[in-house]
Amino acid sequence: EDKVVQSPLSLVVHEGDTVTLNCSYEVTNFRSLLWYKQEKKAPTFLFMLTSSGIEKKSGRLSSILDKKELFSILNITATQTGDSAVYLCAVEESGTYKYIFGTGTRLKVLA
Amino acid sequence: EAQVTQNPRYLITVTGKKLTVTCSQNMNHEYMSWYRQDPGLGLRQIYYSMNVEVTDKGDVPEGYKVSRKEKRNFPLILESPSPNQTSLYFCASSFRNLRGYEQYFGPGTRLTVT
């Protein structure tokens, strides 16, 4: 069965800390991996990764994909209270347009 | 403004009473999808549509129907709702770029079935 597993389930840090969120997957036909941020509303898109080893960056957030070891990480540097959210990882299956989501990592950043 | 809209945003209903949750996007996206989100289970795909009149089942399609008669609309139909369909529902639409599909989510519909 295809699955996406995120770790840790939750994380509490202080402002200024750096955090690493993990996403591993077992999906038969991989097309892409996506990261979303979900606050008290709909998920918002962060990154889409399709190739191994190419780091995506957006300000303090960055992500990298390892297609050989079947995982991705999302790094957040110099965390702020506004980074508090649930971070979701999803894998898109090739040829089916199906998405499989992990259960998310809940991040809380304390002032 | 580019957006995905859902209606209603909140709904409390009773078992067996047919309901429809509407979803509309103004971005001319081909691909649309419905998800439900439950604590501890994450987002699970119910149905998706690749274009007008083309739909397919996701991971949890039982008890739901969809239709795609127009590109912009993708309603979710619960013919006979049951309490286990109490959930937070999201509609999403996406476009295809060189790397794949990038999804944009609607604001969500919180459904309670008593």
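To be clear, the structure that these remarks concern was listed above.
Conventions used here
Residues numbered from 1 in each chain as written. Chains lettered and ligands numbered in written order. Predicted model: local features only at pLDDT ≥ 70, side-chain atom pairs only at ≥ 80, totals over all residues. Heavy atoms only, no water. Pairing = 2+ DSSP bridges. Helix = DSSP H or I, 4+ residues; strand = E, 2+ residues; numbered from the N terminus. Contact = heavy atoms within 4.5 Å. Buried area = accessible area lost by both parts, 1.4 Å probe. Polar contact = N/O pair within 3.5 Å; in protein donor to acceptor, adjacent residues only side chain to side chain. Nonpolar A, V, L, I, M, F, W, Y, C, P; charged D, E, K, R; others polar. Disulfide = S-S within 2.5 Å. Buried < 20%, exposed > 50% of the residue type's maximum accessible area, 1.4 Å probe, protein only.

### So, the sheet that holds strand β3 (residues 19–25) of chain B
Alright, step 1. Strand order across the open sheet formed by four strands is β1-β3-β8-β7 (chain B), with antiparallel pairing between neighbours. With partners counted over all chains shown, the strands left at the sheet margins are β1 (4–7) and β7 (65–66) of chain B, one partner each.

### A few points about the interface of chain B and chain A
Alright, step 1. At the junction of the two partners, chain B supplies 24 residues and chain A supplies 22 residues.
Alright, step 2. In total, chain B and chain A occlude about 1900 Å² of area from one another, counting both sides; carbon and sulfur atoms represent 56% of this.
Alright, step 3. Linking chain B to chain A there are three residue pairs in polar contact (both at pLDDT 80 or more).
Alright, step 4. Mapped onto the side of chain B that touches chain A, the elements with two or more residues apiece are β4 (31–38), β5 (42–51), β9 (87–97) and β10 (100–105) of chain B.
Alright, step 5. Residue composition of the side of chain B that touches chain A, by class: 10 nonpolar, nine polar and five charged.

### What about the state of the cysteines?
Alright, step 1. Taken as a whole and assessed by the stated rule, the structure comprises two disulfides over all chains.
Alright, step 2. Residue pairing for Cys23 of chain A: its cysteine sulfur links by disulfide to Cys89 of chain A, the two sulfurs lying 1.9 Å apart. Across the S-S bond linking Cys23 of chain A and Cys89 of chain A, the dihedral sits near -65 degrees, which makes this disulfide left-handed. Here Cys23 of chain A, found in strand β3 (residues 19–26), pairs with Cys89 of chain A, found in strand β9 (residues 85–93); they are 66 residues apart in sequence, far enough to count as distant. No difference in accessibility class separates Cys23 of chain A from Cys89 of chain A, as the two residues are buried.
Alright, step 3. Note on cysteine connectivity: Cys23 of chain B is disulfide-linked to Cys91 of chain B, with sulfurs 1.8 Å apart.

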